[in-house]
Each structure stands twice: as C-alpha cells, then as structure tokens.
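# Observations on the model geometry
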Amino acid sequence: MKQLQYAIFLFLLFVSCKKTTEPKKIGLITKHAMVVSARAEASKIGSDILKKGGNAFDAMAATQLALAVAYPYAGNIGGGGFMVYRKSNGDIGALDYREKAPLEATKDMYLDENGDVIPEKSTLGGMAVGVPGSVAGIFAVHEKFGSLPIEDIINPSINLAYKGIIVTKKQEARIKKYQPLFLKANKDSILFSKKWKTGDTIKYPVLAKTLERILQYGKNEFYTGETAKKLAKFVQENGGIITEEDLANYTVKWRTPTTFMYDDLKIISMSPPSSGGICLAQIMLMIEPYDLDKFGHNSVKSIQIITEAERRAYADRSFYLGDPDFVNIPGDTLISKSYLKDRMNSFSFEKATASKDVSHGNVQVIESDETTHYSIVDQFGNAVSVTTTINGAYGSKLYCSDLGFFLNNEMDDFSSKPGVPNMFGLIGGIANSIAPEKRMLSAMTPTIVEKKGKLFMVVGTPGGSTIITSVLQTILNVHEYNMTMQEAVDAPRFHHQWLPDDIRMEPNSFEATLILQLEKLGYSINEKDSPVIGKVDGILVLDDESLEGGADYRGDDTAIGF
C-alpha cells in the first residue's frame, strides 16, 4: 500500500512540475483568413471584406481607408506607403505609393542664406508636405487585383467616420502630447485641439464627406477634382508649394521586390526607394553563417552578431540608396555573399567594433517612428504586407478642416543638407537629396516569407530606423528560436543603426548581468531612448495551414479573422 501511495505521490509531483512549465503564448488562431492592424476597427473592416468574398487586395484598400479614420496618428489618405504581395499561385510584386516632392521643390529649400538648415521648416506646416500617394495606391491595387465593387471597399470607412471612434488610453496620451504642435502648425483650432478623454467618441463627418466624393468620382476626385483644388489651396495658404499640377501629375509605381534566401526561407521585401529590403538582406546574410539557435535568444553572442551586422548594413544604406528613378543603386552587389562576407571580416566576439572604424560613413536617413503597418492573408491564399505613413506623429501637424485629415511631413525624409541630421538625429546623403517629383528614401519594410515554396509569414512594423531591425528579430524569433507568432512579436527588442554608436534596448526588458557583459565588451547601451521599438503586426501560417496572428501589445493593435 505504501509503495502505491509513493507511486501516486511521484506521479502527482511530476504532473504539478509539468504544470509549472510556462505554456507558449499563442495569438489569435483562424482557419481561413486574417487581418492584423493598429486598430480593431480597421482589422474588422478588412476581415469583413474577406468574409464577404473579397480577396486580400480588396481588404488592403479597405483597411488603408479604415486606418485613415480610426488611426489618424499614422493611418492616412494624406500620406503614402508600400505594399508587398504574394498571390496564391506564388506570383510576387510590390507597389510604391510613396509621396513625391512637389515640382517647385529645390535641393536647398530648407536652408537659410548661410546654408544652415532652418529648424522645423521640413517638419511642421505646409512646406513639409510631400504630394500624397495613398488614394492613388488604393485605386491602383483595386483596379489591378480587386474583386469587389469599389463601394464595398469605401462605404465601411464612410460609415465608421460618421459613427466615430472611441478614444483609447494610448490615443488620449498621443493627442495630449502633440496638441502644442497642432496649435503651432494650424492657424485655427482643429478637431484635435479639444481635450479628448479615454472613452470619448471622435466623429469625422468632414472626412466622411471627402470619402463620399472619392467614392462618387474615383481617384480623380483626390488628384484633379474638388478635393484636389481644396487641398492645393489649403497647403499654399499655409506656406507650402504643392499645386494642382503636382496632384494631377502623381503616379504610383509597380516595382520588383527585393528577394533573398536565408536558410530554407525565401524573404520577399520592399525594394528602393525603401531601404528596407536591401538592408534586411544585408543583415540576415551577414548573420546566416552563425549558429544563432545554439547561442540562444537575446544572449550576449546573438546580440553581438546581430548588432555588428546591423552596424555594417546601416553604414551602407543611405550612401547608396535613394529613388531608383533618380539614382543608380548597386543592389545586387550590396546583397552579394562575397561583399557581405568581407563586411564581417572585422567582427570579433572579443570586443565591439567602433562605428567610426566602419565605413561607408557620412550618411543615414529615415522616416519617423510614427508609421503604421497591416498584414493580411485571405481565404484564397493571397497575402499582402503594407506599411503606410504620414511620417511624424500626425504628419506635419497641419490638419485640413475642410477635408478632414492630416497632411504628411514626408519632405523631412530627404536630405535637407548632406551630413546634417534630420528631425530624428539621422544624417542624410547626396543620393537622397531633394529634386522635383523624386520620392524620398524610406526604411519601411513590409515583408512576406516563404518556406519550402509555401507562404509562411507576413510581417511588418512602424518604428522609423528600428523598422528593419524589428522585422529582422521577429523573423529570427520564429525561425531560429521556435517562438509562436505572438511570442515573436512580444519579445524584447534591441537596435543598432551605426550612428549613434549605441545599442538601443527596450527598458527593463534585458537582464542587468547581460547589459554588464555587453558593456565589458565595449558596447554602449541606451535604454532611455527606446521605450518602444516597433509595433509588429504579423501572421504565421501553421503546419495545418491555419493562421496565427501576432498583434503588438505596444499599441492598440488587433488581429481579427475567421
């Protein structure tokens, strides 16, 4: 009897020990389709489009518009973006609906008579605004790949604008933070001048009217119609140089994505004028020879390898990269294994490489942290990855009350003056200098991953200079460290961008002993400037072909599907 009791005791002990092992954190699982975006309202509209029988491209157009209503912080019709897609038959492509410089733009337009950069001229108000591409992007996608009528795409956002959006705690804090700049940029009070509180409902009847005109008259309403006339007049009245001709001349560009292999993964990412795909390829191909899985997630050696690869890739990126319609880019060389092997020759586990000893120097530019991303997989097997922005939080802070939306401050993504930092302390190069109708460089990195020829992951994030490294770490977290999609998104992130020469780390997320070990090796650690590194929205295709969503807790991000 005692032996039996002892055996039962051991069994119960074993079971209780098993229970204490922390279960894997899993995001939303759906069988057929999914949308992950910065707001639940936008994800629901995208998912409802799919439920209605629409495809991922219909959902892309609908989600872009819904974010313009639900997430004016970065969602937009007054900005631009990039889309990478993979159709169910394996065909891939990319759409560039990035903003352009106005026809009257000049290389030195933000410099004073002494050749110095004029503070805030490229970031606040009318002169900061680039010609918007989002509406053209929506219609280009729908015309080429859409399956539902355009009214099915636009009406949900019109209804949402009339109904209004409930203010979240994070949104309340954002509005409060930027209100002084709203007052500075706008001649009159605007919708966002009011003291909005968590739980309040913000309605957008003027934006709804603008969307109704776009529904009635199509893309031309925004670029040559009443909206175009009002928009050009408003920008000029606020000191800007965008004309009706600029709007009429705007075109999107279909581009070939940057693709490369990492182990058994095929990575499909955005090509220039985004630096995202090339920079991601450089980093991943530099770290591929090392056994990251054996070193462990966020271990000293893993952080060293990733940091040193990031340092070298970021030193290259903006020296060589710009709008491919204006500059020649040695893309194939930059991601060739022989070139990248040579770049890593100076790496040692014994000590940090100093950024001053890493060329190519003098150059770096990137948009702000306040971009937004959404990922979509439909029930037919199509996937889209979209990153869109108005650059800074609420863009130029200039709000057109007659049309109901914020305008971008994308012109700051050009190099106002080579060698001088932009609003994010990042230095620009000649390849990204201002020219009429040129698209400014970006780091947006919408990415799709295949594994053994099948769709595996859709991923992307906002985060300015941290976009590329956040996408990188999310892919590695799944592939090298066997995390679920949600775990991969939630995991603490770090970032290095060549200059400044420090590793930015999310505060209170890394062990003090780990930080001490890195400091002993010569790395400078910066936790204070990185409260958030990216807000990743990803979808992982599981072995049984169901989908797992990873929605970033750092924002109000939400996965919805069926």
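These numbers were taken from a predicted model, which means no experiment stands behind them. (Residues numbered from 1 in each chain as written. Predicted model: local features only at pLDDT ≥ 70, side-chain atom pairs only at ≥ 80, totals over all residues. Heavy atoms only, no water.)

### Side note on the overall build of the protein chain
Looking only at helices and strands, the protein chain has 18 helices and 21 strands in total. Relative to a compact globule of 562 residues, whose C-alpha radius of gyration would be 24 Å, the protein chain shows 24 Å and is just as compact. Projected onto its principal axes, the C-alpha positions of the protein chain cover 90 × 55 × 45 Å. Looking at the protein chain as a whole, 62% of its 562 residues are labelled buried. Taking all contacts inside the protein chain whose residues are at least 6 apart in sequence as the whole, residues at least 24 apart take part in 74%. Only carbon and sulfur atoms are counted for the fraction: they give 53% of the accessible area of the protein chain, which is about 21,500 Å². (Helix = DSSP H or I, 4+ residues; strand = E, 2+ residues; numbered from the N terminus. Rg over C-alpha atoms; globule rule 2.2 N^0.38 Å. Buried < 20%, exposed > 50% of the residue type's maximum accessible area, 1.4 Å probe, protein only. Contact = heavy atoms within 4.5 Å. Areas by Shrake-Rupley, 256 points an atom, 1.4 Å probe, with all protein chains shown as cover.)

### With respect to the side chain of N298
Inspection of the secondary structure puts N298 in the loop between helix 12 (292-295) and helix 13 (300-320). We classify N298 as buried; its relative accessible area is 14%. In this structure the side chain of N298 is engaged in a polar contact, spanning 3.3 Å, whose partner is the backbone oxygen of P492. (Polar contact = N/O pair within 3.5 Å; in protein donor to acceptor, adjacent residues only side chain to side chain.)

### Details of the environment of I278
With respect to the element layout, I278 can be found in helix 11 (residues 276-287). With residues up to four places along the chain from it excluded, the contact list for I278 reads T258, M270, P272, L321, I329, G331, L334 and I335.

### Examining empty space enclosed by the protein
Overall, the coordinates contain four cavities of 30 Å³ or more when judged by the stated rule. Lining the largest cavity, in full, are A68, V69, P72, G75, N76, F192, Y204, L207, Y399, G404, F405 and F406. Looking at the lining of the largest cavity, the elements with two or more residues in it are helix 3 (56-70) and strand 13 (405-406). Its residues placed into classes, the lining of the largest cavity shows nine nonpolar, three polar and no charged. (1 Å grid on protein atoms, 1.4 Å probe; cavity = no way out; pocket = protein on both sides within 12 Å on 5 of 7 lines; lining within 4 Å. Points joined across faces, edges and corners; volume = space filled by probe spheres on them. Nonpolar A, V, L, I, M, F, W, Y, C, P; charged D, E, K, R; others polar.)

### Overview of the side chain of N526
Mapped onto the elements, N526 comes out in strand 18 (residues 525-526). On the basis of relative accessibility, which here comes to 8%, the residue N526 falls in the buried class.

### Some details on the packing of helix 2 (residues 40-51) against helix 3
At a minimum axis separation of 8 Å, helix 2 and helix 3 run at an interaxial angle of 155 degrees. When the interaxial angle is binned, helix 2 and helix 3 end up roughly antiparallel. Crossing handedness for the pair helix 2 and helix 3: right-handed. Within the contact between the two elements, helix 2 uses E41, A42, I45, G46, I49 and L50 and helix 3 uses A56, D58, A59, A62, T63, A66, L67 and A70. Each residue belonging to the contact of helix 2 with helix 3 can be placed in one class, and the counts come to 10 nonpolar, two polar and two charged. (Axes fitted to C-alpha atoms, helices over the stretch in contact; angles between N-to-C directions. Parallel < 35°, antiparallel > 145°, perpendicular 65-115°, else oblique. Left-handed = near helix turned anticlockwise from the far one by under 90°.)

### Re the sheet that holds strand 2 (residues 34-37)
Spatially, 7-4-3-11-10-2-21 is the arrangement adopted by the seven strands of the open sheet, whose pairing is antiparallel. Only two strands of the sheet have a single partner each, and these edge strands are strand 7 (253-255) and strand 21 (558-561). Ignoring which end each strand starts from, the neighbouring axes of this sheet average 15 degrees apart. Across the sheet, helix 3 touches strand 2, strand 3 (80-86), strand 10 (372-377) and strand 11 (383-389), and the angle it forms with strand 10 is around 155 degrees. Sheet contacts for helix 4 (residues 134-145): strand 3, strand 4 (92-96), strand 7 and strand 11; angle to strand 7, the most-contacted strand, approximately 60 degrees. (Pairing = 2+ DSSP bridges.)

### Things to note about the packing of aromatic side chains
One pass over the full model with this rule turns up 26 aromatic pairs. Each ring, one from Y73 and one from Y178, has its centre 6.4 Å from the other, and the planes form 55 degrees; the classification is tilted. Taken together, the positions of Y73 in the loop between helix 3 and strand 3 and Y178 in helix 6 (residues 169-185) put the pair 105 residues apart, joining distant regions of the chain. In terms of burial, Y73 and Y178 fall into one category: buried. Residues F145 and W254 carry aromatic rings whose centres are separated by 5.9 Å and whose planes lie at 90 degrees to one another, so their mutual orientation is edge-to-face. Note that F145 is positioned in helix 4 and W254 in strand 7, a separation of 109 residues in sequence. Look at F145 and you get buried, because its relative accessible area is 13%. Residue classification places W254 among the partly exposed positions, given a relative accessible area of 30%. Members of the aromatic cluster, connected to one another through ring pairs, are Y71, Y73, Y178, F182, F192, Y204, Y394, Y399 and F406. The side chain of K100 reaches across the aromatic face of Y250, ending 6.0 Å from its centre. Directly above the aromatic system of W196 lies the positively charged group of K194, at a separation of 4.1 Å from the ring centroid. (Phe/Tyr/Trp six-rings, centres within 6.5 Å; stacked < 30°, edge-to-face > 60°. Lys NZ or Arg CZ within 6 Å of the ring centre and 35° of its normal.)

### Observations concerning the pairing of strand 8 (residues 258-262)
Because side chains alternate across strand 8, one face comprises the buried residues T258, F260 and Y262, and the other comprises T259 and M261, none of which is buried. Relative to strand 9 (residues 265-269), strand 8 runs antiparallel, the two being bridged by five bridges. Bridge assignment links T258 to a residue of strand 9, and that residue is S269. The hairpin turn running from strand 8 into strand 9, its antiparallel successor, is two residues long, and D263 in that turn takes a positive phi close to 55 degrees.

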